[in-house]
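The residues making up each chain are set out below.
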Number of protein chains: 2
Amino acid sequence: MSPSRRTRRATGRGHSGGGARHGTAAGQALTGSVEDYVKAIYELAGASGGAAATTDIADRLAIAPPSVSGMLRRLAALELLTHEPYKGVTLTAAGRRAALRMLRRHRVIETYLARQLDYPWDRVHAEAERLEHAASDELIDRMASTLGEPAVDPHGAPIPSREGTMADIPQRMLADQPVGARTRVTSVSDDDPALLRYVASLDIRPGASVTVVERGPFEGPLTVRVSGKGGTERQHVVGLAVARAVNVDAPRGPARRGG
Amino acid sequence: MSPSRRTRRATGRGHSGGGARHGTAAGQALTGSVEDYVKAIYELAGASGGAAATTDIADRLAIAPPSVSGMLRRLAALELLTHEPYKGVTLTAAGRRAALRMLRRHRVIETYLARQLDYPWDRVHAEAERLEHAASDELIDRMASTLGEPAVDPHGAPIPSREGTMADIPQRMLADQPVGARTRVTSVSDDDPALLRYVASLDIRPGASVTVVERGPFEGPLTVRVSGKGGTERQHVVGLAVARAVNVDAPRGPARRGG
DNA sequence: TTGTAAAGTTAGGCGCACCTAAATATTCTG
DNA sequence: CAGAATATTTAGGTGCGCCTAACTTTACAA
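Below is a short write-up of the structure. (Residues numbered from 1 in each chain as written. Chains lettered and ligands numbered in written order. Predicted model: local features only at pLDDT ≥ 70, side-chain atom pairs only at ≥ 80, totals over all residues. Heavy atoms only, no water.)

Here we come to the sheet that holds strand β7 (residues 233-238) of chain B. Residues and elements named next belong to chain B. Spatially, the six strands line up as an open sheet ordered β3-β8-β4-β5-β6-β7, and their pairing is antiparallel. The strands lining the two open edges of the sheet, one partner per strand, are β3 (172-173) and β7. As defined by bridge partners, strand β5 (residues 209-215) adjoins strand β6 (residues 222-227) across six bridges and the pair is classed as antiparallel. Its bridge partner lying in β6, Ser209 is registered against Ser227. (Pairing = 2+ DSSP bridges. Helix = DSSP H or I, 4+ residues; strand = E, 2+ residues; numbered from the N terminus.)

Right, dumping it as structure tokens:
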């Protein structure tokens, strides 16, 4: 068994340690870390191509700011973003492409887990967070195809297409809606399972109608009326954290009429 | 946004760098590397608890022998194996448990990909090789449950149970069968996609009947008669690499009668 | 039994991705 | 506009998991 060994190793990895784990077909092979950074920056800066701050990235990835500083230098060298020291970073076209690819992976996986494997709403995120780095493009596409190319994930977030385009659904936080506005829930932020479970227990899900009935003073809690799919109508008082996690579409005409 | 950061980071990762990526519920949290080593050693040493050689491990993982030496020391510290320097390594009970867990993950994923996502036979292995490290135990169990707790993977290898036990199907290589023996294919080694495609093209799959008709001299090629499921009967000359990748169960009575 | 080939180990390095502590730049506030 | 608070970067360090080169142990054969 001796000659085969040298041969195989000589063919594969070349020289020094560390490095990328697996190929991804699109462009270079990115590590899981790089993928996480790019996705986080995209989510912070938005599709508009704005800048993201070091501290915000650090916060989102639960990493110390100096570590982020160092990594940003490497991401800039990879031409995934431009870095103006002390100012912030902006994704390049390649960076946005990489980010949208990860967003697609994440959301396709979430949708697949929920629909095909009966995963509960609040657990798909954590599972997808790990699988999105390990799945091949083929697997993602097979999942999407099995699901009939879904347009949104279980939390209502739009799924980027295979080609890397995403519907730009205008999002506004429930927290910003005026009293009396009748809105439709488009999506719910998915990164806190406990909050997600709580929101679901209030029947606040994509598609539900929510009307702001009252608003406490000094950024206080909101009283909202929720019309679920089954015609149910309930009223709740929710804190700002909840109101900020819920995104709604355009107001659907003033709800109040007689008062 | 400043106070939340310190808090979150202080809660999570503690101090120094590197380390495990994600928890696995069973025992400690093992890195992907550790999982690969343990699985490889199990496959080399067999369920019988034999010893594995450094070079063989290195060969199987496509890693240089000194790297393996170093890692074995760490695996020994984790009490997953015992290491007699210059002799070889033997998995402990914990090591065998960890290996069987990985084997289950790998084979459940392979089966799921093939049955639910129409993955071709020869591509499930590579995909599973990456997913097995990222999937949670919950996901594996949901997959297995969806499939009706399958007993074997697409290549015929037995799937360890949730509790970590595996049917010990006696395996013998087709290459070792005597001329005239009529055997049933139990499994086909899955790590070489090209070989797998070739074997499939000969209708040699788990369940097929194979009779050794002739055997070339000096470890030469074998002539085999293959009876597929559809009652087809074909004859092929296969090389030793193929004959060694195909495992068969007990001979099913002598096939020849008048000869 | 002794000499050599093969297998295995030690020694010394490297890149990645993280860390803390300390310096520096920017932004707010009085 | 000075000083404080905050954001960011530099400096120096760690463990992991790999590498090559060189050495040691073991196994086999003359």
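This paragraph deals with the pairing of strand β6 (residues 222-227) of chain A. Residues and elements named next belong to chain A. Here β6 lies mainly inside the structure; five of its six residues are buried. Note: β6 against strand β7 (residues 233-238), six bridges, orientation antiparallel. Looking at β7, one finds that Val226 is bridged to Arg234. Turn length for the β6-β7 hairpin, with the two strands adjacent in sequence and antiparallel, is five residues, and the turn residue Gly231 shows positive phi of about 85 degrees. (Buried < 20%, exposed > 50% of the residue type's maximum accessible area, 1.4 Å probe, protein only.)

Attention now goes to empty space enclosed by the protein. Tallied over the entire structure, the rule returns three cavities of 30 Å³ or more. In this structure, the largest cavity is lined by 15 residues; those nearest its centre are A:Leu131, A:Leu139, A:Met143, B:Leu131 and B:Met143. For the lining of the largest cavity, the secondary-structure elements that each account for two or more residues are α5 (93-116) and α7 (137-146) of chain A together with α5 (93-116) and α7 (137-146) of chain B. Within the lining of the largest cavity, the residues separate by chemical class into 15 nonpolar, no polar and no charged. (1 Å grid on protein atoms, 1.4 Å probe; cavity = no way out; pocket = protein on both sides within 12 Å on 5 of 7 lines; lining within 4 Å. Points joined across faces, edges and corners; volume = space filled by probe spheres on them. Nonpolar A, V, L, I, M, F, W, Y, C, P; charged D, E, K, R; others polar.)

Close to DNA strand C lie 25 residues; A:Ser67, A:Arg74, B:Thr55, B:Ser69 and B:His83 are nearest. Of all atoms in DNA strand C that approach within 4 Å of the protein, 79% are sugar or phosphate atoms. Contact distances for DNA strand C include 2.9 Å between a phosphate oxygen and a side-chain N or O atom of A:Thr31. The separation between a phosphate oxygen of DNA strand C and a polar side-chain atom of A:Tyr37 is 3.4 Å. Secondary structure elements with two or more residues in the surface near DNA strand C: α2 (32-45) and α4 (65-77) of chain A together with α3 (54-61) and α4 (65-77) of chain B. Taken together, the residues that form the surface near DNA strand C break down as 11 nonpolar, 10 polar and four charged. (Near = heavy atom within 4 Å. Polar contact = N/O pair within 3.5 Å; in protein donor to acceptor, adjacent residues only side chain to side chain.)

So, about the packing of α2(A) against helix α3 (residues 54-61) of chain A. All names here are of chain A. Packing of α2 against α3 leaves a shortest axis separation of 10 Å and a crossing angle of 120 degrees. Between α2 and α3, the angle is such that the two are oblique. By crossing handedness, the relation of α2 to α3 is classed as right-handed. The segment α2 lies against α3, with Asp36, Tyr37, Ala40, Ile41, Glu43 and Leu44 engaging Asp56, Ile57, Arg60 and Leu61. Of the residues belonging to the contact of α2 with α3, the class tally is six nonpolar, no polar and four charged. (Axes fitted to C-alpha atoms, helices over the stretch in contact; angles between N-to-C directions. Parallel < 35°, antiparallel > 145°, perpendicular 65-115°, else oblique. Left-handed = near helix turned anticlockwise from the far one by under 90°. Contact = heavy atoms within 4.5 Å.)

Our focus in this paragraph is α4(B). All names here are of chain B. In this model, α4 (13 residues) spans 19 Å end to end at C-alpha, consistent with the 18 Å of a helix rising 1.5 Å per residue. Along α4, the residues that are buried comprise Pro65, Val68, Met71, Leu72 and Leu75. For α4, the angular spread of buried residues about the axis comes to 115 degrees, placing them on one side. In α4, the exposed positions angled more than 90 degrees off the buried face are occupied by Pro66, Arg73, Arg74 and Ala77. Two residues or fewer past α4, Glu79 is found with a positive phi of approximately 60 degrees. (Expected span 1.5 Å × (residues − 1). Arc of directions from axis to C-beta.)

Here we come to the environment of B:Ala200. Residue and element names in this part refer to chain B. Its place among the elements puts Ala200 in helix α8 (residues 193-201). Separated by 78 residues in sequence, Ala200 and Asp122 place their C-alpha atoms 9.2 Å apart. Discounting residues that sit within four places of it in the chain, Ala200 has contacts with Trp121 and Arg205.

The tally for this structure, following the rule as stated, stands at one aromatic pair over all chains. Consider the rings of A:Tyr112 and B:Tyr112, whose centres lie 6.5 Å apart with planes at 85 degrees: the pair is edge-to-face. One end of the pair, A:Tyr112, is in helix α5; the other, B:Tyr112, is in helix α5, on a second chain. The exposure classification of A:Tyr112 matches that of B:Tyr112, with both residues buried. (Phe/Tyr/Trp six-rings, centres within 6.5 Å; stacked < 30°, edge-to-face > 60°.)

Strand order in the open sheet formed by six strands is β3-β8-β4-β5-β6-β7 (chain A), with antiparallel pairing between adjacent strands. If you trace the sheet from one side to the other, it starts and ends with β3 (172-173) and β7 of chain A, each paired once.

This brings us to the pattern of salt bridges. Residue and element names in this part refer to chain B. Counted according to the given criterion, the structure contains 32 salt bridges over all chains. Residues Lys39 and Glu132 are paired through a salt bridge, measuring 2.9 Å at the closest nitrogen-oxygen approach. Of this pair, Lys39 sits in helix α2 (residues 32-45) while Glu132 sits in helix α6 (residues 124-134), and the two are 93 residues apart along the sequence. In this pair, the class of Lys39 matches that of Glu132, namely buried. (Salt bridge = Lys/Arg side-chain N within 4 Å of Asp/Glu carboxyl O.)

Moving on: the nonpolar core. With 34 residues, the main nonpolar core has A:Leu117, A:Leu139, B:Leu117 and B:Leu139 as its most contacted residues. Of all the secondary structure elements, the ones that give two or more residues to this core are α5, α6 (124-134) and α7 of chain A together with α5, α6 and α7 of chain B. One finds A:Tyr37, A:Ala40, A:Ala58 and A:Leu103 within the second-largest nonpolar core, a separate group that totals 25 residues. (Core = buried A, V, L, I, M, F, W, Y, C linked by side-chain atoms within 4.5 Å.)

Everything listed is a geometric property; what it means functionally is a separate question.
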